[in-house]
Amino acid sequence: MFTGIITDIGKISAVTQEGDLRVRIQTGYDTSGIDMGASIASDGVCLTVVDLGPDWYEVQVSAETVGKTNLSTWVAGKRVNLERALRVGDELGGHIVSGHVDGVAEVISVAEEGDSTRVVLRAPPDLARFIAPKGSVALNGTSLTVNEVSGCDFGINFIPHTKVATTWGDVAVGHAVNLEIDTLARYVARLGEMHST
């Protein structure tokens, strides 16, 4: 489990196809404190560490994960949001995030509003019903609050801190973004379906 509070910005240094996709990510984390097999959310995708170096870790990514996320766009040099798995006793600063991406949203507009950046994204139709104004979503692993919803489109405001502490300072129209809907929203919708039948 994760919180959606990004604690490092990693940089992809190598992407190779070896049956599955293998990715090396440079990190500011102290890798001596990372166990082989540990889970690290990388742009919101829970990935398992399969190799470690002094300032990097490697993960293997299945074709299934590549197909359901934006990982097909990962290339050397790309910056990615990182978060280590939540430990018992850690502060839950964002919201509960599983690291299991539900789908990919597309950035359809970016506009500066004062010091903040206003971003409108388009969710896949089957996921849009789970997104509500003032509700939570995880986008590329970042816990965010939805401002407004119109059909499949929803808006987020990024404050200066978020743009510096994450990769959201790099956002541009057309970017594919990993979307994880709020677990609570999923269960509330499911309960509603069960009671309406």
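Preceding block: the structure.
Quick summary incoming for the structure in this document. Throughout this document, residue positions are counted from 1 along each chain, in the order its sequence is written. Reporting of local features is limited, given that this is a predicted model, to residues whose pLDDT is at least 70; pairs of side-chain atoms are given and counted only at 80 or more, and all residues count toward the totals for whole chains, interfaces and linings. To obtain the side-chain values, all non-hydrogen atoms of the structure were used and water was disregarded.

### Digging into the overall build of the protein chain
Here's step 1: Summing up its helical and strand segments, the protein chain has 4 helices and 13 strands in all.
Here's step 2: Throughout this description, buried means an accessible area under 20% of the type-specific maximum (1.4 Å probe, protein chains only), exposed means over 50%, and partly exposed covers the range between. Here the protein chain holds 197 residues, and 42% of them are scored as buried.
Here's step 3: We call two residues in contact when some of their heavy atoms are within 4.5 Å. Long-range contacts, defined as pairs at least 24 residues apart, comprise 68% of the intrachain contacts of the protein chain with a sequence gap of at least 6.
Here's step 4: All accessible areas in this document rest on Shrake-Rupley with a 1.4 Å probe, and a residue is counted as covered only by the protein chains that are shown. Counting only carbon and sulfur atoms, one obtains 53% of the accessible surface of the protein chain, whose full area is about 9,700 Å². Only DSSP runs of H or I reaching four residues or more are called helices, and only runs of E reaching two or more are called strands; each is numbered from the N terminus.

### So, a nonpolar patch on the surface
Here's step 1: Here, patches come from residues exposed beyond 30% relative accessible area and free of salt bridges, joined within 9 Å for like charges and within 5 Å for nonpolar side chains (Val, Leu, Ile, Met, Phe, Trp, Tyr). Whenever a carboxyl oxygen of Asp or Glu lies within 4 Å of a side-chain nitrogen of Lys or Arg, that contact is scored as a salt bridge. Among the surface-exposed residues, Met-1, Leu-86 and Ile-96 lie close enough to one another that they form a single nonpolar patch of about 270 Å² accessible area.
Here's step 2: Within the fold, Leu-86 resides in the loop between strand E6 (79-84) and strand E7 (103-113).
Here's step 3: We classify Leu-86 as partly exposed; its relative accessible area is 33%.

### Digging into the side chain of Asp-182
Here's step 1: Structurally, the position occupied by Asp-182 is in the loop between strand E13 (176-181) and helix H4 (183-196).
Here's step 2: Given the relative accessible area of 17%, Asp-182 is considered buried.
Here's step 3: Look past the residues within four positions of Asp-182 in its chain and what remains in contact with it is His-95 and Ser-136.

### Observations concerning the side chain of Thr-166
Here's step 1: By the element assignment, Thr-166 lies in the loop between helix H3 (160-165) and E13.
Here's step 2: When its relative accessible area of 4% is taken as the criterion, Thr-166 is described as buried.
Here's step 3: In protein, a polar contact requires one atom able to donate a hydrogen and another able to accept it; more generally it is a pair of N or O atoms within 3.5 Å, and residues adjacent in sequence count only if both atoms are side-chain atoms. A distance of 3.1 Å separates a polar atom in the side chain of Thr-166 from the backbone nitrogen of Trp-168.
Here's step 4: If we ignore the near neighbours within four places in the chain, the residues touching Thr-166 are Ile-6, Ile-9, Arg-79, Asn-81 and Thr-142.

### Observations regarding the packing of aromatic side chains
The geometry of an aromatic ring pair comes down to the distance between the two centres and the angle between the two planes.
Here's step 1: Stacked, tilted and edge-to-face are the three classes assigned to paired rings of Phe, Tyr and Trp, where Trp is represented by its six-membered ring and a pair needs centres within 6.5 Å; plane angles under 30 degrees give stacked, over 60 edge-to-face, the rest tilted. Applying the stated criterion across every chain yields a total of 1 aromatic pair.
Here's step 2: With a centroid separation of 4.5 Å and an interplanar angle of 20°, the aromatic rings of Phe-158 and Trp-168 are classed as stacked. Of this pair, Phe-158 sits in strand E12 (residues 153-158) while Trp-168 sits in the loop between H3 and E13; the two residues are 10 residues apart in sequence, bridging distant segments of the chain. For the residue pair Phe-158 and Trp-168, the accessibility class agrees, reading buried in each case.
Here's step 3: The rule for a charge over a ring is simple: NZ of Lys or CZ of Arg within 6 Å of the ring centre, and within 35 degrees of the ring normal. Here the guanidinium or amino end of Arg-24 rests over the ring plane of Trp-56, the centre of that ring lying 3.5 Å away.

### What about the pairing of E13?
Here's step 1: Across the 6 residues of E13, 5 count as buried, placing the element largely inside the fold.
Here's step 2: In this sheet, E13 lies alongside E7 in antiparallel orientation, the contact comprising 4 bridges. Paired with Ala-105 across the strands is Val-177, a residue of E13.
Here's step 3: Strands were regarded as paired on the criterion that DSSP finds at least two bridges between them. In this sheet, E13 lies alongside strand E9 (residues 136-139) in antiparallel orientation, the contact comprising 3 bridges. Bridged to Ala-138 within E13 is Glu-180.

### Focus on the nonpolar core
Here's step 1: Of all hydrophobic cores here, the largest spans 21 residues; its most connected members are Leu-121, Ile-131, Val-137, Leu-139, Phe-154, Ile-156 and Leu-179.
Here's step 2: If we skip the residues at most four places from it in the chain, Leu-139 touches Leu-121, Leu-144, Phe-154, Ile-156, Trp-168, Val-177, Asn-178 and Leu-179.
Here's step 3: By size, the runner-up hydrophobic cluster in this structure holds 19 residues, among which are Ile-12, Ala-38, Val-59 and Val-101. Nonpolar cores are built from buried Ala, Val, Leu, Ile, Met, Phe, Trp, Tyr and Cys residues. Side-chain atoms within 4.5 Å join them into one set.

### Some thoughts on the pattern of salt bridges
Here's step 1: Tallied over the entire structure, the rule returns 7 salt bridges.
Here's step 2: The partner of Glu-58 in a salt bridge is Arg-22, and the shortest N-O contact between them spans 2.6 Å. One end of the pair, Glu-58, is in strand E5 (residues 56-61); the other, Arg-22, is in strand E2 (residues 20-26), and 36 residues separate them in sequence.
Here's step 3: Looking at Glu-58, the relative accessible area reads 10%, which means it is buried.

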